[in-house]
Amino acid sequence: MKSFFCALCGLLCCLVLPARAGTLPPREQAIERTLAAMTLPEKVGQMTLLTFNTVAQGTLPFGTKEPHRLDPERLWAAIGEHHVGAIFNTGLHALTLPEWRSVVTGIEAAAARTRLKIPVLYGIDAVHGMSYACGATLFPQQIGLAATWDPGLVGEIARATAYEARAAFIPLVFAPSVDLGRNPVHSRFYETFGEDTLLASRLGAAMVRGFQGNNLANPYRVAATLKHFVGYTMPVTGKDRTPAAVPEVVLQENFIPPFRAGIEAGAAAVMLANCELNGVPVHADRHLITDVLKNSLGFRGVVMSDWGSVYSLSDSHHVARDRREAVKLAVNAGLDLAMVPFDLDFTTLLVDLVKKGEVPMARIDDAVRRVLGLKYDLGLLTGPPPNAGDYPDFGSQRFADLNRRAARASLTLLKNEKSVLPLPKTARVLVTGFGADSMAALNGGWTYTWRGQDTDRYAADKSTILKAIAAKLGPARVEHVAATYDEPADLGREVAAARRADAVVLCLGEEPYAENFGNIDDLSLPESQTALARALAATGKPVILVLTEGRPRIIRPFVDQMAAVLLAYLPGNEGGNAIADVLFGDAGPEGRLPFTYPRGPNGLGTYDHKISEGYAQDPEFPFGAGLSYSRFRYSGLALDKAQVTATDVLTVSVAVRNDGRRPATETVQLYVSDLVASIPPPVKRLRGFRKVALAPGEQARVSFSLPIKDLAFMDRNGTPILEPGEFEVAVGGLHRKFVVR
Ligand code: GLC
């Protein structure tokens, strides 16, 4: 590859080139020289992102042959004839590492036969570890990582995921999702970092830095993609990809800041939301893509579409008469890379649009500069080809240990009556419920397959909750009665088994799903799960409810009969072990809810609700909640100033003490309330958080530095406003007021 580049530079150096090219930094010189050599079809090809099936053997769209292999003719049609510059995804399921390496190497070999030999960019989904790779490390889904409130841990996981993607020779991932989880009905809730802007901003930025490091050409780093810009997770109906409505002030105050944080962290790409937002399909919204994302937020990377979203403008949004007009709308709005994903018409249509002057060449050049810039930064244009021998830790125990540590840190204990947990290892337990012996229930979607429905086949060597408990206690102490997701359980058998046990571990929640396959009309759990919970509780034995779910399903009908509630979210391939560790005391629960857990199916409020709706807020469990196997006592909340101005930094400190008999980790949460504002203020906002591990009896003083300018709220134009008046700090149930002059 390097020889190509030297040859190209040599060839072009003798041509009459824009004088300015010679004065540019090497990166821009490389981009300008390549751009100057490109034909219009070659440029348009660099704006095209095809899915694997389009260059693989089999029938389109989803009839990929087994085993999945490249189709040389299809591959050359895409890369040689249409100059396609990017490919992503798998066929129908996970591939082995050698298969992945063969796919990417085969594609790059085809690219090396083209006129300009520009390498193809390969992308993969990776919201909880690398999707679609046999043996890859599958971590807790983002909603569980959010419950760790630990940016450092999230960064470690992203670094491990980057390692494994590069091991497959893949340099681009479609993660993190920095959408906010503020509508728990939505099927993509588990792919978010929860409802809070600060938490999502800090964790999203940490994931970007973990993926990318400070040099994208590093063979252990990948390009991150912030998604889905913006407001996608707020469909009015809760159904995936349906119209979202988010007031402009809420977009600016809550939904855009996590993208700003990700861009400031250096995110290389942004994926657009597939839906209509406030009456405009995002993929046709020049204001959002160019004015806000590229200009106001200063995003200099690649703006890519979501799956088929360009054609959605004609096919489903009906804002374009045909696909030609859809391409015109999206590219002129600011789209740089179209995830088409199945056909080559996109390139033909766009070439025609440029030739007829309907899409300016300047727009094409802007897009191609961004794509070539990403390839340059990744080392694709100049670096050596990847070396399979550089990745001995793929799927290693080292990564499995990190995975177990993350899963443990995510587990959130929401109820623990009479300190029934941790259970003694001498206990006889019944383990039941549909999630008891299921790796699919632990992982959710985006796993070895898109919807995550056959994870147990791929992860047969991993431990379900049942296997992990049996390994910890010895099989003689563990009885299992199988149950399904939504069919009536064998209550007679269940009750008899419960009577033989000291305690029951009841694993309920959701089956795996992705996108529209996760659409629901009701957050309530299937009646069979409620009936089983009630029957088991009626035996008088303590029932420990373990929830594995991508979103907060309603447990009000039986939660009062549960002795304990441990929310595991979707804890990944080490989730079974982590749950057993916490249930039997080898680890203490330290997760804190990253969202408001609703009491009823329509109880969809968030912690930062408006004061006017406060009377109607009655969650099952509040944002930030979580118990430990110890108790924490807060005291001595102190502010270093009683009056501040916009340029001040307020220091807030508080003492927190572990009053229990076990070591425990607390997440100290700093909230601030603006008591009166010209836009109705939320009842409070999270403004800081810090984890602190304390030995029994140990006390620590935790201090936060709070720039007063950060307390400003956004008006509808995204202008920060800080108004004088009274504010109140709240930490650990303690409150102190201060005044902004
Ligand atoms: C999907 C998802 C997006 C994903 C992309 C590629 O439709 O919306 O999150 O990254 O397509 O698989």
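Residues numbered from 1 in each chain as written. Predicted model: local features only at pLDDT ≥ 70, side-chain atom pairs only at ≥ 80, totals over all residues. Heavy atoms only, no water.

Visitor: Give me the lowdown on the domain arrangement of the protein chain, citing residues and values where you can.
Guide: Taken domain by domain, the protein chain consists of domain 1 (2–385), domain 2 (397–616) and domain 3 (632–740). The C-alpha centroid of domain 3 is placed 38 Å from the C-alpha centroid of domain 1. Listed by partner, the interface residues are 15 residues for domain 1 and 17 residues for domain 3. Close ionic contact of Arg 685 with Glu 253 constitutes a salt bridge, the shortest N to O distance being 2.5 Å. For the pair domain 1 and domain 3, the number of links is three residue pairs in polar contact (both at pLDDT 80 or more). Among the elements of the structure, α8 (197–212) and α9 (248–255) are those that each provide at least two residues to the side of domain 1 that touches domain 3. With five residues, α9 is the largest single contributor of residues to the side of domain 1 that touches domain 3. Grouping the constituent residues of the side of domain 1 that touches domain 3 by class yields five nonpolar, four polar and six charged. (Domains from an automatic or database assignment. Contact = heavy atoms within 4.5 Å. Salt bridge = Lys/Arg side-chain N within 4 Å of Asp/Glu carboxyl O. Polar contact = N/O pair within 3.5 Å; in protein donor to acceptor, adjacent residues only side chain to side chain. Helix = DSSP H or I, 4+ residues; strand = E, 2+ residues; numbered from the N terminus. Nonpolar A, V, L, I, M, F, W, Y, C, P; charged D, E, K, R; others polar.)

Visitor: If you had to explain the packing of aromatic side chains to someone new, which residues and values would you point to?
Guide: Counted under the stated rule, the structure contains 24 aromatic pairs. Pairing Tyr 190 with Tyr 513 gives two aromatic rings, centres 5.5 Å apart and planes at 70°, and the pair type is edge-to-face. With Tyr 190 in the loop between β6 (172–174) and α8 and Tyr 513 in the loop between β16 (503–509) and α21 (527–537), the pair connects residues that are 323 residues apart, well separated along the chain. With respect to burial, Tyr 190 and Tyr 513 carry one shared label: buried. Both rings, one in Phe 595 and one in Tyr 597, keep their centres 6.1 Å apart while their planes meet at 35°; by these two values the pair is tilted. Given a relative accessible area of 0%, Tyr 597 falls into the buried group. (Phe/Tyr/Trp six-rings, centres within 6.5 Å; stacked < 30°, edge-to-face > 60°. Buried < 20%, exposed > 50% of the residue type's maximum accessible area, 1.4 Å probe, protein only.)

Visitor: So, the nonpolar core: which residues are in play, and what are the values?
Guide: Among the nonpolar cores identified, the biggest contains 173 residues, and Trp 100, Phe 229, Leu 350, Leu 506 and Ile 555 are the most heavily contacted of them. Not counting residues up to four positions away in its chain, the partners in contact with Ile 555 are Leu 525, Leu 545, Leu 547, Val 565, Tyr 597, Glu 620 and Phe 621. The next biggest cluster of nonpolar side chains, apart from the first, holds 41 residues, and it includes Val 429, Tyr 458, Ile 465 and Ala 503. (Core = buried A, V, L, I, M, F, W, Y, C linked by side-chain atoms within 4.5 Å.)

Visitor: Pulling in residues and values, what's your account of unusual backbone geometry?
Guide: The omega torsion of the bond from Leu 60 to Pro 61 falls at 0°, within 30 degrees of zero and hence cis. Residue placement: Pro 61 occurs in the loop between β2 (58–59) and β3 (63–64). The omega angle of the peptide bond from Glu 66 to Pro 67 is -10°, so this bond is cis rather than trans. With respect to the helices and strands, the residue Pro 67 is situated in the loop between β3 and α4 (72–81). A positive phi angle is found at Trp 149, which is not glycine, with a value near 50°. Tracing the backbone through its elements, the reader meets Trp 149 in the loop between α6 (142–146) and α7 (151–167). In this model, Ser 419 sits at a positive phi of 50°, which is unusual for a non-glycine residue. On the secondary structure map, Ser 419 appears in the loop between β13 (412–416) and β14 (429–432).

Visitor: How would you explain the pattern of salt bridges if you had to name every residue and give the values?
Guide: Under the criterion given, the structure shown has 48 salt bridges. Note that Glu 510 and Arg 553 form a salt bridge whose closest N and O atoms lie 2.7 Å from each other. Highlighted residues: Glu 510 in the loop between β16 and α21 and Arg 553 in the loop between β17 (543–548) and α22 (556–559), separated in sequence by 43 residues. Its salt-bridge partner being Arg 592, residue Glu 666 comes within 2.7 Å of it at the nearest N-O pair. You can see Glu 666 sitting in strand β22 (residues 664–674) and its partner Arg 592 sitting in the loop between α23 (575–583) and β19 (632–639), a full 74 residues away along the chain. Neither residue differs from the other here; Glu 666 and Arg 592 are each classed as buried.

Visitor: Go over the site of the ligand, please, and point to the residues and values.
Guide: Within the structure, the ligand sits among 13 residues, and Asp 125, Arg 188, His 228, Arg 241 and Asp 306 are positioned closest to it. In this structure, Asp 125 approaches the ligand through a side-chain N or O atom, which is 2.6 Å from an oxygen atom. Contacts to the ligand include Asp 306, whose side-chain N or O atom sits 2.6 Å from an oxygen atom. Protein contacts shield 97% of the accessible area of the ligand, which totals 310 Å² for the unbound molecule. By residue class, the composition of the shell around the ligand is six nonpolar, one polar and six charged. (Near = heavy atom within 4 Å. Areas by Shrake-Rupley, 256 points an atom, 1.4 Å probe, with all protein chains shown as cover.)

Visitor: Account for the pairing of strand β5 (residues 121–125), naming residues and giving values.
Guide: Taking burial as the measure, the five residues of β5 include five buried ones, the bulk of the element. When strand β4 (residues 86–88) meets β5, the two strands line up parallel, connected through three bridges. For Ile 87, the partnering residue across the bridge sits in β5 and is Tyr 122. Read as a crossover between parallel neighbours, the route from β4 over helix α5 (residues 97–111) to β5 is right-handed. As paired strands, β5 and β6 are joined by three bridges and run parallel to one another. Each residue of the ladder has a partner; that of Ile 124, found in β6, is Val 173. (Pairing = 2+ DSSP bridges. Right-handed = clockwise from strand over helix to strand, strands pointing away.)

Visitor: So, the side chain of Gln 141: which residues are in play, and what are the values?
Guide: In this fold, Gln 141 is placed in the loop between β5 and α6. Among the polar contacts made by the side chain of Gln 141, one reaches the main-chain carbonyl oxygen of Gly 445 at a distance of 2.9 Å.

Visitor: For the sheet that holds strand β24 (residues 699–707), give the residues involved together with the corresponding values.
Guide: Pairing is antiparallel in the open sheet, where three strands are placed in the order β19-β21-β24. The open sheet has two edge strands, β19 and β24, and neither has a second partner. Each neighbouring strand pair of the sheet contributes to a mean axis angle of 20°, computed without reference to strand direction. In terms of strand pairing, β19 meets strand β21 (residues 649–658) through six bridges, oriented antiparallel. Along β21, the bridge assignment pairs Tyr 634 with Val 656. (Axes fitted to C-alpha atoms, helices over the stretch in contact; angles between N-to-C directions.)

Visitor: Run through the environment of Val 565, naming residues and quoting values.
Guide: Counting through the fold element by element, Val 565 comes out in strand β18 (residues 564–569). Considered as a pair, Val 565 and Asp 336 are 229 residues apart in the sequence and their alpha carbons are 47 Å apart. Aside from chain neighbours lying at most four places away, what touches Val 565 is Thr 412, Leu 413, Leu 414, Lys 415, Leu 545, Leu 547, Ile 555 and Val 559.

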